[in-house]
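In case you want the letters, here they are:
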Amino acid sequence: FMDGVKVMSEVSRLYPESKIIVMTGFADLATAIDSMRQGAIDLLEKPITPTRIIEAVESANQKWRIKPKEEQNKKLNESTELVKTEPNVIIGRYRRKRLLGKGSVGVVYLVEGIYDNKRYALKMLRRDFEDGERELSTLRRFINESNAISQLNHPNIIKFIEFAYHATEKERVPYIVMEYFNGLPLTYFINSPNLLNIQEKVSIITQVAEALALVHSKKIYHRDVKPDNILVDSALRVKVT
């Protein structure tokens, strides 16, 4: 014998793409929370009229008409239209393709390996500081970041490739090469909460927690954990950057 919540859990396990509406005579808060944790997208309290059931089904169909992966793939394609930069500049063993983004410490480029033709993310230290003391502090942070990343090996953490310097006529600029992960910032999903069900959201949270657990086990502290530093791809795989 199984109660409704256990039945729902089994259905979700066997048919993970299914969307479940729960009908119950015990619509208390605990039941509602338990149902949502197991994957329910709506909860109807008995007695229930046929009209109410139809409304719930139509609402569910409308809500899930756009699949999360389809919507995310659309956004991923749009992300390729980011600001372009001067292409084909050679940095070490990499050919610069385009700009991916800018932060307080570095500028991130999409690059291509000259010898393997693979794509990587290359983060180069920004050199546009007018304050010499701040520039030195930023350099120390950048080197510390490289040292920290190099100690971490986890499927939910961006993989470190190498740390090196790019020599120009005037100076040597440090850079970090990491794996390129074609994902969207978690911010996108926070701003579009209906794209994911509760199980998918819990999966993302769990992956982030497992990544941070490893980081902390190495006595390293991220100090900038925020949605923009968490990437999620179309398969809902997570990478902490």
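Not measured: the values here are computed from a predicted model.

1. Focus on the overall build of the protein
Check the secondary structure of the protein and you find seven helices and 11 strands. Within the protein, the fraction of its 241 residues that count as buried is 36%. Within the protein, contacts between residues separated by at least 24 positions form 48% of all contacts whose residues are at least 6 apart in sequence. Total accessible area on the protein is roughly 15,100 Å²; 52% of this is exposed by carbon and sulfur atoms.

2. Digging into the sheet that holds strand β10 (residues 230-232)
Note: strands within a sheet are paired through backbone hydrogen bonds, in either parallel or antiparallel orientation. Within the open sheet, the three strands sit side by side as β9-β10-β11. Their pairing is antiparallel. The outermost strands of the open sheet, each flanked by one partner alone, are β9 (184-185) and β11 (238-240). Contacts from helix α7 (residues 198-217) reach β10 and β11 within the one sheet, and its direction differs from that of β11 by about 35°.

3. Comments concerning the environment of Thr168
Note on placement: Thr168 falls in the loop between β7 (160-167) and β8 (172-179). In this structure Thr168 comes out as partly exposed when scored by relative accessible area, which is 39%. Distance from Thr168 to Ile91, taken between C-alpha atoms, is 10.0 Å for residues 77 residues apart in sequence.

4. Re the packing of aromatic side chains
Summed over the entire model, instances satisfying the criterion amount to three aromatic pairs. Judged by centre distance (5.4 Å) and plane angle (80°), the rings of Phe163 and Tyr165 are edge-to-face. A relative accessible area of 27% places Phe163 in the partly exposed class. What makes Tyr165 partly exposed here is its relative accessible area of 35%. Here the basic side chain of Arg96 rests over the ring of Tyr109, its NZ or CZ set 4.7 Å away from the ring centre. Of note, Arg172 hangs over the ring of Tyr165, and the distance from its end group to the ring centre comes to 4.3 Å.

5. Examining a nonpolar patch on the surface
On the surface, Met23, Ile53 and Val57 cluster together to form a nonpolar patch covering roughly 230 Å² of accessible area. By the element assignment, Val57 lies in helix α3 (residues 50-63). Looking at Val57, the relative accessible area reads 37%, which means it is partly exposed.

6. Some thoughts on the pairing of strand β4 (residues 94-102)
In this sheet, β4 lies alongside strand β3 (residues 90-91) in antiparallel orientation, the contact comprising two bridges. Within β4, the residue paired with Ile91 across the bridge is Tyr94. Counting the residues that bridge the hairpin from β3 to β4 gives two residues, and of these Gly92 lies at a positive phi of roughly 60°. Alignment of β4 against strand β5 (residues 106-113), held across seven bridges, turns out to be antiparallel.

7. Side note on the nonpolar core
Formed by 22 residues in total, the largest nonpolar core has its most connected members in Tyr94, Tyr109, Val111, Leu122, Met124, Tyr175 and Val177. Per element, the largest residue contribution to this core is five residues, and it comes from β8. Ignoring any residue separated from it by four or fewer positions in sequence, one finds Tyr94 in contact with Val89, Val111, Glu112, Gly113, Ile114, Tyr120, Leu122, Ile161, Glu162 and Val177. In terms of nonpolar packing, the next biggest core, distinct from the first, is built from 21 residues, Leu186, Ala211, Ile230 and Val232 among them.

8. Thoughts on the side chain of Gln207
Residue placement: Gln207 occurs in helix α7. In this structure, Gln207 is in contact with Asn156, Leu236, Arg237 and Val238, ignoring residues within four places of it in sequence.

9. A word on α7
Residue pairs spaced three or four apart in an α-helix point in one direction, given the helix's 3.6 residues per turn. The first and last C-alpha atoms of α7 sit 28 Å apart over 20 residues, in line with the 28 Å expected at 1.5 Å per residue. Along α7, the positions that sit buried rather than exposed are Ile204, Gln207, Val208, Ala211, Leu212, Leu214 and Val215. Across the axial projection of α7, the buried residues extend over an arc of 160°, all falling on one side. Buried residues along α7 sit against α6 (186-191), β10 and β11. Just downstream of α7 lies Lys219, where phi reads positive at about 60°.

Rules of the game
Position labels on residues start from 1 in each chain and follow its written sequence. Reporting in this predicted model follows two pLDDT cut-offs: at least 70 for local features of residues, and 80 or more for side-chain atom pairs to be given and counted; totals over whole chains, interfaces and linings ignore these cut-offs and use all residues. Hydrogens and water are ignored here; the side-chain numbers use all heavy atoms of the structure. Helix and strand labels come from DSSP, where a helix needs a run of H or I of at least four residues and a strand needs a run of E of at least two; each type is numbered from the N terminus. Buried, partly exposed and exposed residues are distinguished by accessible area as a fraction of the type maximum, computed with a 1.4 Å probe on protein chains only: under 20%, between the cut-offs, and over 50%, respectively. Here a residue-residue contact requires only that any non-hydrogen atoms of the pair lie within 4.5 Å. Surface accessibility follows the Shrake-Rupley procedure with a 1.4 Å probe radius. Residue values consider only the protein chains on display as shielding. DSSP calls a pair of strands paired once it identifies at least 2 bridges connecting them. Note on geometry: axes are C-alpha line fits, over the in-contact stretch for helices, and angles between N-to-C directions span 0 to 180 degrees. To pair, rings of Phe, Tyr and Trp, with the six-membered ring standing in for Trp, must have centres within 6.5 Å; the planes then decide the type, stacked if under 30 degrees apart, edge-to-face if over 60, and tilted in the middle. Think of it as a cone above the ring: NZ of Lys or CZ of Arg counts as a charge over the ring if it is within 6 Å of the ring centre and within 35 degrees of the ring normal. Every patch collects residues that have over 30% relative accessible area and no salt bridge, joining them within 9 Å if they carry like charges and within 5 Å if they are nonpolar side chains (Val, Leu, Ile, Met, Phe, Trp, Tyr). Salt bridges, as used here, are contacts in which a Lys or Arg side-chain nitrogen is within 4 Å of a carboxyl oxygen on Asp or Glu. Among the buried residues, those of types Ala, Val, Leu, Ile, Met, Phe, Trp, Tyr and Cys that are joined through side-chain atoms within 4.5 Å form a nonpolar core. Every helix has an expected span of 1.5 Å times one less than the residues it contains. The directions from the helix axis to the C-beta atoms form the arc being described.

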